[in-house]
Amino acid sequence: MNNITLAPVQTDQPSHLMPVFGRQKISFVRGQGAYLYTEDGTEYLDALTGIAVCGLGHSHPAVTAAIAEQAATLIHTSNLFEVPWQTAAAQKLAEVAGMEEVFFSNSGAESNEGAIKIARKFGHMQGIACPKIIVADHSFHGRTMATLSATGNKKVQDGFGPLVEGFIRVPFGDVEAIEEAAINHPDIVAILVEPIQGEGGVNTAPQGFSYLEDIRRICNQNNWLMMLDEVQTGNGRTGQYFAYQHTNIIPDVLTTAKGLGNGFPIGAVMTQGRGVGVLTAGNHGSTYSGTALGSRVVYTVIDTIQKENLVANAAEKGAYIVSQLREKLADQNVTVRGFGLMIGIELPKACGELVDIARDEHQTIINVTSGNVVRLLPTLNITQDQADQLIGRLVSMIKTFLA
Ligand SMILES: *Cc1c(COP(=O)(O)O)cnc(C)c1O
């Protein structure tokens, strides 16, 4: 091994990085399971996992071995050739997702770009010249031009007009608004929503998952594609392999990324039903689509989630954390919500500073979204002890903050 060590970062030097991120002044040099470590060895409980990415925890031995072995064997050949690991990963993913076709992308936004292209082509195949897609308020679908246009957040869009056209926005959870749009716009071809809005504040629709069943019914009545963005909710996060599996329906198009690679950048857009066969030879592609390395990681992540029973653990530990937080914060003016290990604690006031307080005073990594929602996305293999540690730290911190 050649040992290249990184010189300590000179924080007084000008950075060459585009200043697009508001970064915390801390860096981690090592991770193990549910914990992150700084250079001086301080241990932090990670309840963010790289934003719902490292579901198996940091440095999971199966993922580490898959990356090391495949990197030493063959990383990439391109899709001009058969890629056996890609075929195997697609089969495994299709199985757990209940889907038929899989296209591997490299991020969540790119997966949603694929979904948007499928919807448009689906429309054009029926002679609809300007196909439209229904999207929701407070949604988040990514930072590329089409996905930021689909996103229901002005802050993501401001400064980047003209937006990509062809999106019709409705309030999240409002079934009547969709039915009304169906009457007013004959050129609608699809609906794209998140089963649980992550960036928007860990929101389920007010009526719960029956919202998805209503969307399925309306899509069937109008011959639209039902498209779910499970970039964040997928891969076991909510206590089902995909969140739509909490219901009896199945979408036509399903996107995922984040937890799919446990930190290796890879995503997927998948189809079944009327989504199948829309994209054909020459319609879509990516140089990096399903490299041998990325595909082997996907295969290994799914295999590990199955062998270690992590979907069930996410459901069980998630339910425990939610019930404990509700009980221990019952005298506080907070709402605890979520499914599995995608949990939001809504506070009665803006609480962005809790990120710093949790980190510096409780050695816990959390996130705050939507201004006043503490968002927890712990490892899917979180243990009972770690869950209790997390609950204890959060309860004490929130009580002090609201006192
Ligand atoms: C994170 C996220 C995206 C964007 O994924 P990237 O990998 O950052 O492009 C899209 N949709 C949802 C629901 C997400 O949570």
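**Q** For this particular structure, what's the right way to read the pattern of salt bridges?
**A** Once their charged atoms are close, side chains differing in charge can pair, the charge on each being opposite to the other. Counted under the stated rule, the structure contains 12 salt bridges. We note a salt bridge from Glu 199 to Arg 375, for which the minimum N-O separation is 2.9 Å. Of this pair, Glu 199 sits in the loop between β7 (188–193) and α8 (210–222) while Arg 375 sits in strand β15 (residues 373–376), and the two are 176 residues apart along the sequence. The buried category is assigned to Arg 375, whose relative accessible area is 2%. With its nearest N and O atoms 2.7 Å apart, the salt bridge here joins Asp 303 to Lys 307. With Asp 303 and Lys 307 both in helix α9 (residues 292–307) and four residues apart, the pair spans about one turn of that helix. Bridged by salt links that share partners, the residues Lys 92, Asp 303 and Lys 307 form one connected network.

**Q** Explain the packing of aromatic side chains here, please?
**A** Each aromatic ring pair is specified by the distance between its two centres and by the angle formed by the two planes. Counted by the stated rule, this structure contains five aromatic pairs. Aromatic side chains Phe 28 and Tyr 44 sit 5.4 Å apart centroid to centroid with 75° between the ring planes, which places their arrangement in the edge-to-face category. Of this pair, Phe 28 sits in the segment before β1 (30–32) while Tyr 44 sits in strand β3 (residues 43–46); the two residues are 16 residues apart in sequence, bridging distant segments of the chain. Look at Phe 28 and you get partly exposed, because its relative accessible area is 30%. Exposure remark for Tyr 44: the relative accessible area of 8% places this residue in the buried category. When the centroid spacing of 4.7 Å and the interplanar angle of 45° are considered together, the rings of Phe 209 and Phe 339 count as tilted. Of the two residues, Phe 209 is situated in the loop between β7 and α8 and Phe 339 in strand β11 (residues 335–339); the sequence distance between them amounts to 130 residues. Residue classification places Phe 339 among the partly exposed positions, given a relative accessible area of 29%. Above the ring of Phe 401, the side-chain terminus of Lys 349 is found at 4.4 Å from the ring centroid.

**Q** So what exactly am I meant to see when it comes to the nonpolar core here?
**A** One recurring pattern in soluble globular proteins: nonpolar side chains tend to sit buried together. Counting residues in hydrophobic clusters, the biggest one holds 92 residues, and the most contacted among them are Leu 325 and Ile 345. Looking at this core, the element that brings in the most residues is helix α12 (residues 384–402), giving eight residues. Apart from residues lying up to four places away in sequence, Ile 345 is in contact with Leu 325, Leu 329, Val 334, Thr 335, Val 336, Asn 372, Val 373, Val 374, Leu 376, Leu 394 and Ile 398. The next biggest cluster of nonpolar side chains, apart from the first, holds 19 residues, and it includes Ala 119, Ile 128, Val 189 and Ala 190.

**Q** Even after reading the chapter, I still don't get α9, so can you show me in this structure?
**A** Counting along an α-helix, one turn takes 3.6 residues, and residues three or four places apart therefore face a common direction. A rise of 1.5 Å per residue sets the reference length of α9, with its 16 residues, at 22 Å; its end C-alpha atoms lie 22 Å apart and thus fit the reference within 8%. With 13 of its 16 residues buried, α9 lies for the most part within the structure. Looking one or two residues beyond α9, the residue adopting positive phi is Asn 309, at roughly 55°.

**Q** Mind showing me how you'd approach the sheet that holds β3 here?
**A** Each strand in a sheet pairs with another by means of backbone hydrogen bonds, the pair being arranged parallel or else antiparallel. Ordered by their spatial adjacency, four strands build an open sheet running β1-β2-β3-β13, and the pairing between neighbours is mixed. The two strands at the open ends of the sheet, each matched to only one other strand, are β1 and β13 (364–365). Running over the sheet, α12 touches β2 (35–37), β3 and β13 and is turned about 95° from β3.

**Q** When you look at a nonpolar patch on the surface in this model, what are you seeing that I'm missing?
**A** A surface patch of nonpolar side chains, about 410 Å² in accessible area, is lined by Met 18, Val 20 and Phe 21. Relative to the elements of secondary structure, Met 18 occurs in the segment before β1.

**Q** In this structure, what is going on with the site of the ligand? I would like to understand it.
**A** Ser 107, Gly 108, Ala 109, Asn 112, Phe 140, His 141, Gly 142, Glu 194, Asp 229, Val 231, Gln 232 and Lys 258 make up every residue found near the ligand. Contacts to the ligand include Gly 108, whose backbone N or O atom sits 2.8 Å from an oxygen atom. Between the ligand and the protein, one listed contact pairs an oxygen atom with a side-chain N or O atom of Gln 232 at 2.8 Å. Coverage of the ligand by the protein amounts to 81% of the 380 Å² it exposes when considered alone. A per-element tally of the shell around the ligand places helix α4 (residues 108–124) first, with three residues. Residues belonging to the shell around the ligand are distributed by class as follows: three nonpolar, six polar and three charged.

**Q** Before we go on, may I ask you to explain the packing of helix α2 (residues 61–71) against α9 in this structure?
**A** To describe two helices that pack against each other, one gives the angle between their axes and the distance between the axes. Relative orientation of the contacting elements α2 and α9 amounts to 155°, with a least axis distance of 9 Å. For the element pair α2 / α9, the angle class is roughly antiparallel. Here α2 and α9 pass one another in a crossing that is right-handed. Contact residues: Ala 62, Val 63, Ala 66, Ile 67, Glu 69, Gln 70 and Ala 71 in α2; Ala 292, Leu 293, Arg 296, Val 297, Thr 300, Val 301 and Thr 304 in α9. Considering only residue class, the contact of α2 with α9 consists of nine nonpolar, three polar and two charged.

**Q** Looking at this model, I keep getting lost on the side chain of Ser 78. Mind explaining?
**A** Within the fold, Ser 78 resides in the loop between α2 and α3 (84–97). A distance of 3.1 Å separates a polar atom in the side chain of Ser 78 from the backbone nitrogen of Leu 80.

Definitions and limits used
- Residues numbered from 1 in each chain as written.
- Predicted model: local features only at pLDDT ≥ 70, side-chain atom pairs only at ≥ 80, totals over all residues.
- Heavy atoms only, no water.
- Salt bridge = Lys/Arg side-chain N within 4 Å of Asp/Glu carboxyl O.
- Helix = DSSP H or I, 4+ residues; strand = E, 2+ residues; numbered from the N terminus.
- Buried < 20%, exposed > 50% of the residue type's maximum accessible area, 1.4 Å probe, protein only.
- Phe/Tyr/Trp six-rings, centres within 6.5 Å; stacked < 30°, edge-to-face > 60°.
- Lys NZ or Arg CZ within 6 Å of the ring centre and 35° of its normal.
- Core = buried A, V, L, I, M, F, W, Y, C linked by side-chain atoms within 4.5 Å.
- Contact = heavy atoms within 4.5 Å.
- Expected span 1.5 Å × (residues − 1).
- Pairing = 2+ DSSP bridges.
- Axes fitted to C-alpha atoms, helices over the stretch in contact; angles between N-to-C directions.
- Patch = residues over 30% accessible without salt bridge, like charges linked within 9 Å, V, L, I, M, F, W, Y side chains within 5 Å.
- Areas by Shrake-Rupley, 256 points an atom, 1.4 Å probe, with all protein chains shown as cover.
- Near = heavy atom within 4 Å.
- Polar contact = N/O pair within 3.5 Å; in protein donor to acceptor, adjacent residues only side chain to side chain.
- Nonpolar A, V, L, I, M, F, W, Y, C, P; charged D, E, K, R; others polar.
- Parallel < 35°, antiparallel > 145°, perpendicular 65-115°, else oblique.
- Left-handed = near helix turned anticlockwise from the far one by under 90°.

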